[in-house]
Amino acid sequence: MATIYYTASSIDGYIVDDRASLDWLITRNIDADGPFGYRAFSNSVGALVMGATTYEWILANDPDEWQYEQPTWVMTHRPDIVRTGDGVRAFHGDVTELHPLLVQAAAYQDIWVVGGGDVAAQFAAAGLIDEMIVSYAPCTLGTGGRLMPLHTEWVLVESGVNGEFVCARWRKA
Ligand SMILES: NC(=O)c1ccc[n+]([C@@H]2O[C@H](COP(=O)([O-])OP(=O)(O)OC[C@H]3O[C@@H](n4cnc5c(N)ncnc54)[C@H](OP(=O)(O)O)[C@@H]3O)[C@@H](O)[C@H]2O)c1
């Protein structure tokens, strides 16, 4: 099992634009069953963690049904934002205290650090991200939320193309 930051980015390293929009991303051609595709990745995942803003974006854009069956934690200082009935848990504090809960819940499957960039950076700063998989959309945004607002070093494991995206997987250096 591995803890993996799996995300999509603009060429210039932003995962969301300054209007909190992902229109530049979700309108693009990508094959969920292709290289680095979402389908195989999500099947490998046993637990998820995301920041409060990402969670609120998902609820706002897909309000009907929670889309993940796996145990999910939302990092937030506002536990009341977490909708009851979906099995989603709130956590606040140090990621080193959360990670063992994720490992246990994942039951030997992978842990998906969904984002955003600051949450991913907290895990990376603690040495807890084993792999990073990024699919780069063919655009620059100039401003927005950063992929990883931290100096980190990685070893390239593989790269490829899926639809309009250039994708790569790195292992922690
Ligand atoms: N391109 C992609 O594939 C992709 C992937 C993921 C996300 N996104 C987008 O990125 C945007 C969100 O990214 P973001 O970096 O702005 O926000 P985020 O990481 O989703 O959420 C940040 C918030 O999480 C809470 N938080 C973070 N660390 C915490 C800790 N240690 N303890 C308690 N609470 C903590 C804080 O919220 P509170 O204090 O208010 O609770 C903080 O403001 C969304 O629009 C989302 O759609 C894009």
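In what follows, the structure referred to is the one given above.
This one's a predicted model, so the numbers in the text were calculated from it and none came from an experiment.

Draft legend 1. Structural detail: the overall build of the protein chain. From N to C terminus, the protein chain includes five helices and 10 strands. Over its C-alpha atoms the protein chain spans a radius of gyration of 15 Å, differing by no more than 12% from the 16 Å that the globule rule assigns to 173 residues. If one aligns the C-alpha atoms of the protein chain with their principal axes, the spans along those axes are about 35 × 35 × 30 Å. Residues counted as buried form 47% of the 173 residues belonging to the protein chain. Taking all contacts inside the protein chain whose residues are at least 6 apart in sequence as the whole, residues at least 24 apart take part in 68%. Counting only carbon and sulfur atoms, one obtains 51% of the accessible surface of the protein chain, whose full area is about 8900 Å².

Draft legend 2. Representation of the nonpolar core in the model. Core analysis: the largest hydrophobic core is formed by 29 residues, its most contacted members being Leu48, Met50, Tyr55, Trp66, Tyr68, Val74 and Trp112. When residues of this core are traced back to their parent elements, those giving at least two are β1 (3–10), α1 (23–26), β3 (45–51), α3 (52–61), β6 (110–115), β7 (131–137) and β10 (165–172). Looking at this core element by element, the count peaks at four residues for α3. Leave out the neighbours within four places in its chain, and methionine 50 touches Tyr55, Ile58, Trp66, Tyr68, Thr72, Trp73, Val74, Met75, Val114 and Gly115. Judged by nonpolar contacts, the second largest core, of 27 residues, contains Trp73, Phe91, Ala120 and Leu147.

Draft legend 3. Expanded view of the side chain of serine 10. Mapped onto the elements of the fold, serine 10 is located in strand β1. Engagement of the side chain of serine 10 in a polar contact is seen with the side chain of aspartate 12, the distance being 2.6 Å. With residues near it in sequence (within four places) discarded, serine 10 still touches Trp24, Tyr136, Ala137, Cys139, Thr140 and Leu141.

What counts as what
Residues numbered from 1 in each chain as written. Predicted model: local features only at pLDDT ≥ 70, side-chain atom pairs only at ≥ 80, totals over all residues. Heavy atoms only, no water. Helix = DSSP H or I, 4+ residues; strand = E, 2+ residues; numbered from the N terminus. Rg over C-alpha atoms; globule rule 2.2 N^0.38 Å. Buried < 20%, exposed > 50% of the residue type's maximum accessible area, 1.4 Å probe, protein only. Contact = heavy atoms within 4.5 Å. Areas by Shrake-Rupley, 256 points an atom, 1.4 Å probe, with all protein chains shown as cover. Core = buried A, V, L, I, M, F, W, Y, C linked by side-chain atoms within 4.5 Å. Polar contact = N/O pair within 3.5 Å; in protein donor to acceptor, adjacent residues only side chain to side chain.

Without other data, these values stay purely geometric and don't point to any function.
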